[in-house]
Amino acid sequence: MVTPVPTPPVPEAGLRPVLLSWLSTPRHAFPSGEVTRADALAWQHRARARLAALLAVPFDPVPLNPRTLETVQLDGYRRTMLAFDTAPGMSAIAWWVVPDGVDTAAQPGGTPALIASPGHGIGARDLLAMDAVGHPRPEGEGYQQDYALRAVRLGVPTLVVEPLGFGVRRDHAAGTPDDDASECAAGSLLASMLGTSLPALRVNDLRRAVDLLPQLGADPDSIGLVGTSGGGQLALWTGAVDPRIAVVGVSCYLNTFATSVLAMEHCPCNAAPGLAVELDMPDLAALVAPRPLLVEAGLRDPIFPIQGTRAALDVVRRAYAAFDAADRLLEDVVDGGHAGSGRLLPELLAHLQPRDTRPRPSLPERLA
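Residues numbered from 1 in each chain as written. Predicted model: local features only at pLDDT ≥ 70, side-chain atom pairs only at ≥ 80, totals over all residues. Heavy atoms only, no water.

Asker: Kindly report on the pattern of salt bridges, identifying the contributing residues and their values.
Answerer: Summed over the entire model, instances satisfying the criterion amount to 16 salt bridges. Where Asp146 meets Arg137, a salt bridge forms, and the shortest distance between an N and an O atom there is 2.8 Å. With relative accessibility at 3%, the residue Asp146 sits in the buried group. Notably, a salt bridge pairs Asp205 with Arg169, separated by 2.7 Å at the nearest N-O pair. Highlighted residues: Asp205 in helix H5 (residues 198–212) and Arg169 in the loop between strand E5 (158–161) and helix H4 (184–193), separated in sequence by 36 residues. For the pair formed by Asp205 and Arg169, the shared burial category is buried. Several salt bridges converge on common partners, so that one network encompasses Arg207, Arg208, Asp211, Asp242 and Arg244. (Salt bridge = Lys/Arg side-chain N within 4 Å of Asp/Glu carboxyl O. Buried < 20%, exposed > 50% of the residue type's maximum accessible area, 1.4 Å probe, protein only. Helix = DSSP H or I, 4+ residues; strand = E, 2+ residues; numbered from the N terminus.)

Spelled out as structure tokens, the structure:
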């Protein structure tokens, strides 16, 4: 008879518990306690510079070289598929959707416009009542509920940008099997080996879209950016680093890193090396202040738990209070899961009214 040998006790060896034990208050966290407007501005200057360094791309800007791929007239709007260059050898794909009756060339100084970024799934077409191959489907389906088309129905021209590795920007030569499969894992690996990150490349695409919009007739002082889930990530990160964006909408994303993307299995496209050491999600949202910010969340979202969203909003409210701009923080917490509601989208878009009908801060004033 063999006497079993007791297993000696071993220290905690799990990957996630060990690495999360390294996590502490970020170096550039929004200040605790009472914060004045001057304090908040000084913090934003430091924190935005650090975020810009973390999201830097290893190339100089290239000419946009926009070109039209297709234009179709549909019920109530005109949809133009565009390509424009964002990096050496890289072209972004986007759909520029203009409501009937809106002449982007006739508005003095340009017309208000929106950029929309999709979450994981079939890509940009899922915001415009199309299936994976571009065939029309009924409006309002899916967890993103065609919010880009909803903005168009509200009279706002909208540019829907396909994220790198989604939809039509998947590497078809690699044989990705499913229409709704993203290539975030491959993109994250390649980007990291080349000295950058996948979200940095995607944020660069959106910032180049901001460069492009005035050429399409948009008012450069009245450009908004919205997104759901992975698109909410890109809307928040881009809005935080680029103050040219006048309003930001974030659905199914705002949380804390410790209770969401670091606490469970998440897509690697959520990662930028060193970010959690420097800033947390609510700090990114605080960088949007005092610009209008819409936050949507579900009480039963399994991957962005509501307790993390509530903790994040506590920080964000303090940032907006420091700027005396509490009325510009729009919150919509619904009894649902991982899906947007769109209920406050009209209120957010109201901040994008034409320059001759509503006074609003210009870019220099946003940076004051």
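Structure shown, so let's carry the discussion forward.
Asker: Tell me about the sheet that holds strand E3 (residues 90–99), and name the residues and values.
Answerer: Pairing within the open sheet is mixed, and its nine strands lie in the order E1-E2-E3-E5-E4-E6-E7-E8-E9. Both outer strands of the open sheet, strand E1 (67–74) and strand E9 (329–334), are each paired with one neighbouring strand and no more. The sheet shows a mean angle of 20° between the axes of neighbouring strands, direction not considered. Sheet topology note: the E3/E5 ladder contains four bridges and is antiparallel. What sits directly across from Trp96, in E5, is Leu159. Sitting on the sheet, helix H6 (residues 230–241) touches strand E4 (111–117), strand E6 (218–228) and strand E7 (247–251), and the angle it makes with E6 is about 140°. (Pairing = 2+ DSSP bridges. Axes fitted to C-alpha atoms, helices over the stretch in contact; angles between N-to-C directions. Contact = heavy atoms within 4.5 Å.)

Asker: Describe the environment of Gly140, naming the residues involved and giving the relevant values.
Answerer: Tracing the backbone shows Gly140 in the loop between E4 and helix H3 (147–153). Linking Gly140 and Leu189, residues 49 residues apart in sequence, is a C-alpha distance of 34 Å.

Asker: How would you sum up helix H2 (residues 37–54)? Please name residues and give values.
Answerer: Helix length check: H2, at 18 residues, gives a terminal C-alpha distance of 25 Å against a target of 26 Å (1.5 Å per residue), a fit within 8%. Turning to H2, its buried residues number three or more, namely Ala40, Trp43, Gln44, Ala47, Arg48, Leu51 and Leu54. Along the long axis of H2, the arc covered by the buried residues comes to 130°, so they all point the same way. In H2, those exposed residues whose orientation departs by more than 90 degrees from the buried face are Ala38 and His45. (Expected span 1.5 Å × (residues − 1). Arc of directions from axis to C-beta.)

Asker: Give a detailed account of the pairing of E6, specifying residues and quantitative values.
Answerer: Taken across its eleven residues, E6 has nine buried, putting it largely inside the fold. The sheet contact formed by E4 and E6 spans six bridges and is parallel. Looking at E6, one finds that Ile115 is bridged to Leu225. Pairing of E6 with E7 involves five bridges; the strand directions are parallel. Across the sheet, Val226 pairs through a bridge with Gly249, a residue of E7. Crossover handedness for the path E6 to H6 to E7: right-handed. (Right-handed = clockwise from strand over helix to strand, strands pointing away.)

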